Amino acid sequence: MKKFASFVLFLTMAIGASAQCIADFNYNSNNDPTIDFNNNSTPNMYYYWDFGDGNTSSIQDPTHTYASNGTYLVCLVATDSFCTATTCDTLVITNAGGGGNCSVSYSYTSNDPTFTFTANGTGVPPFTYSWDFGDGGSGVGQVNTHTYTANGAYTTCVTLTDANGCSSTYCDSLGAVGVGGGQNCQAYFYSFIDSINPATIWVVDQSQGTNLSYFWDFGDGNTSNQQYPTHTYAQFGSYLLCLTVTDGQCTSTYCDSIAVYQRSNGFTLNIIPSGALGVDENTLEMVNNIYPNPVANEANLTLAASTAMQVDVMIYNVTGQMLAKTQHQLINGTNQLVIPTSNLESGAYLINVLDQTGTSTAITIPFIKR
């Protein structure tokens, strides 16, 4: 049986500007570790693949062979002069190197900041397990207990090797908040690409705490201890952006990937405080994603508002044409909206939720009409 995975990500351009584009792919892993990738993106664009193992491609429908077992984040960027869209999916390789077929995962229980990890493997026993807890600590064996000494986000990985030499690695992230009697600070940010200048990324700092010190790691060898720095990358591509905040007792770290793939060199990252945009993103947020998805006759949307406000809810097709618009009065708290979709034809759409001023997009949600 063929195994496929597919995810779609939409990038919203400025309303009334150029057409929107879609990045989308699936893959066939029947011949693991050789993977056939199928590009379902908007046609006639420039495509850039990052296979997650250091290799890339600009072929529309590439085939790639992985040298080692493990979990890889595969990303596809579709871009032209007016639009850029990115989508990523996780791929697990189990048949590379040493032959055989093995896999591993793990579960954990928490007495924060102490975690007990239990690996679950398949293959030809006996198995050996090695652990990387993401803070410089390591371990061996199927079950490991590890205590973190600082609050923050960690990526913990386990690698299994079976009797035939087959090797598989699994990684997952967790947060430790119990060091020093509790979490009094929290690092967090979100980012988006400028709708007018796609070589600019805006990063909105939403960290919480008192008298915080900041440390930004831009993922290209450069750092800053300013709260709201500006950084220019010499080359386009994908980078891991990390923020660490501390108040002297509590320390918190948050990381997220950023990516710009343009036909020019470099891009600029601007870090700004929450509320610096036309819309205070804290006043309106998603509680649950749109459901059901795909939709039939109506879409259900749950929004949380920190103040009463009026919003416009608009439906656009992928070419940027507005098809429907409704107005809703939100209360301070959780709001359940029902959006009619019975008149839409089958296909991909975007719902834009705008604040009462109508000056900026607060939330954009992709959905499929079946």
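That block above? That's the structure.
Residues numbered from 1 in each chain as written. Predicted model: local features only at pLDDT ≥ 70, side-chain atom pairs only at ≥ 80, totals over all residues. Heavy atoms only, no water.

**Examining the environment of Val 313**
This is how the line gets drawn: Starting at the N terminus, helices and strands are each numbered in turn, a helix being any DSSP run of H or I of at least four residues and a strand any DSSP run of E of at least two. Residue burial is assigned from relative accessible area. The probe radius is 1.4 Å, only protein chains are included, and a residue is buried under 20% of its type maximum, exposed over 50%, and partly exposed in between.
Here Val 313 shows up in strand β26 (residues 309–317). Here Val 313 falls in the buried class, since its relative accessible area comes to 1%. When the C-alpha positions of Val 313 and His 328 are compared, they lie 7.5 Å apart, and in sequence the two are 15 residues distant.

**Considering unusual backbone geometry**
Going from Pro 125 to Pro 126, the amide bond is cis rather than trans, its omega being 5°. Inspection of the secondary structure assignment puts Pro 126 in the loop between β10 (114–122) and β11 (128–132).

**Some details on the nonpolar core**
A general trend in soluble globular proteins is that nonpolar side chains are found buried together. What counts is decided by this rule: By nonpolar core we mean a set of buried residues, namely Ala, Val, Leu, Ile, Met, Phe, Trp, Tyr and Cys, connected to one another through side-chain atoms within 4.5 Å. Between two residues, a contact is recorded if the distance between any of their heavy atoms is within 4.5 Å.
If you look at the biggest cluster of nonpolar residues, it comprises 20 residues, and the most contacted ones within it are Val 203, Trp 216, Tyr 233, Leu 241, Ile 258 and Leu 269. Sorting the residues of this core by element identifies β17 (200–205), β18 (213–217), β21 (237–246) and β23 (267–273) as the ones contributing at least two each. For this core, the element with the highest residue contribution is β21, accounting for four residues. With near-sequence residues (within four places) excluded, Val 203 lies in contact with Phe 189, Tyr 190, Ser 191, Trp 216, Leu 241, Leu 269, Asn 270, Ile 271 and Ile 272. If you look at the next biggest cluster of nonpolar residues, it comprises 19 residues, including Ala 23, Phe 51, Tyr 72 and Ala 85.

**Focus on the sheet that holds strand β13 (residues 143–147)**
Put simply, the test is: A pair of strands counts as paired when DSSP detects no fewer than two bridges linking them. Only the stretch in contact is used when a helix axis is fitted, and all axes are lines through C-alpha atoms; the angle between N-to-C directions ranges over 0 to 180 degrees.
Taken in spatial order, the three strands line up as β9-β10-β13 in an open sheet, and their pairing is antiparallel. With partners counted over all chains shown, the strands left at the sheet margins are β9 (103–111) and β13, one partner each. Adjacent strand axes in the sheet meet at a mean angle of 25°, parallel and antiparallel pairs treated alike. Sheet topology note: the β9/β10 ladder contains nine bridges and is antiparallel. Paired with Ser 110 across the bridge in β10 is Phe 115.

**Quick notes on the side chain of Thr 156**
Quick note on the threshold: As used in this structure description, the phrase polar contact means that two N or O atoms lie within 3.5 Å; if the pair is within protein, one of them must be able to donate a hydrogen and the other to accept it, and residues adjacent in sequence are counted only when both atoms belong to side chains.
Looking at where Thr 156 falls in the secondary structure, it is placed in strand β14 (residues 152–161). Among the polar contacts made by the side chain of Thr 156, one reaches the main-chain carbonyl oxygen of Phe 133 at a distance of 3.4 Å.

**Points about the packing of aromatic side chains**
Stated precisely, the cut-off is as follows: What counts as a ring pair is set by centres within 6.5 Å for rings of Phe, Tyr and Trp (its six-membered ring), and what kind of pair is set by the plane angle: stacked under 30 degrees, edge-to-face over 60, tilted for all other angles.
Applying the stated rule across the entire model yields 24 aromatic pairs. Between Tyr 66 and Tyr 72, the aromatic rings sit 4.5 Å apart at their centres with planes inclined by 35°, giving tilted as the arrangement. Assigned by exposure class, Tyr 66 and Tyr 72 land together as buried. Aromatic pair Phe 117 and Trp 131: ring centres 5.7 Å apart, planes at 45°, arrangement tilted. Placement of the pair is Phe 117 in strand β10 and Trp 131 in strand β11, with a sequence separation of 14 residues. Of the two residues examined, Phe 117 and Trp 131, each falls in the buried class. One aromatic cluster in this structure is built from Tyr 106, Tyr 108, Phe 115, Phe 117, Trp 131, Phe 133, Tyr 148 and Tyr 170.

**Topic: the side chain of Ser 224**
Positionally, Ser 224 belongs in strand β19 (residues 223–224). For Ser 224, a relative accessible area of 11% gives the class buried. For Ser 224, the side chain forms a polar contact with the main-chain nitrogen of Gln 226, separated by 3.1 Å. In contact with Ser 224, other than residues within four places in its own chain, are Tyr 214, Phe 215, Trp 216, Phe 218 and Pro 229.

**Here we look at the pairing of strand β25 (residues 298–305)**
Counting buried positions along β25 gives seven out of eight residues, so the element sits mostly inside the fold. Relative to strand β28 (residues 333–340), β25 runs antiparallel, the two being bridged by eight bridges. Of the residues in β28, the one forming a bridge with Leu 303 is Asn 335.

**A word on the state of the cysteines**
For the record, the criterion: Working definition: a disulfide is two cysteine sulfur atoms within 2.5 Å of each other.
Evaluation of the coordinates by the stated rule reveals two disulfides. Covalent S-S linkage joins Cys 185 and Cys 250, the inter-sulfur distance amounting to 2.0 Å. Its torsion about the S-S bond being -90°, the disulfide of Cys 185 and Cys 250 is classed as left-handed. Of this pair, Cys 185 sits in the loop between β15 (167–176) and β16 (189–193) while Cys 250 sits in the loop between β21 and β22 (251–260), and the two are 65 residues apart along the sequence. Neither residue differs from the other here; Cys 185 and Cys 250 are each classed as buried.

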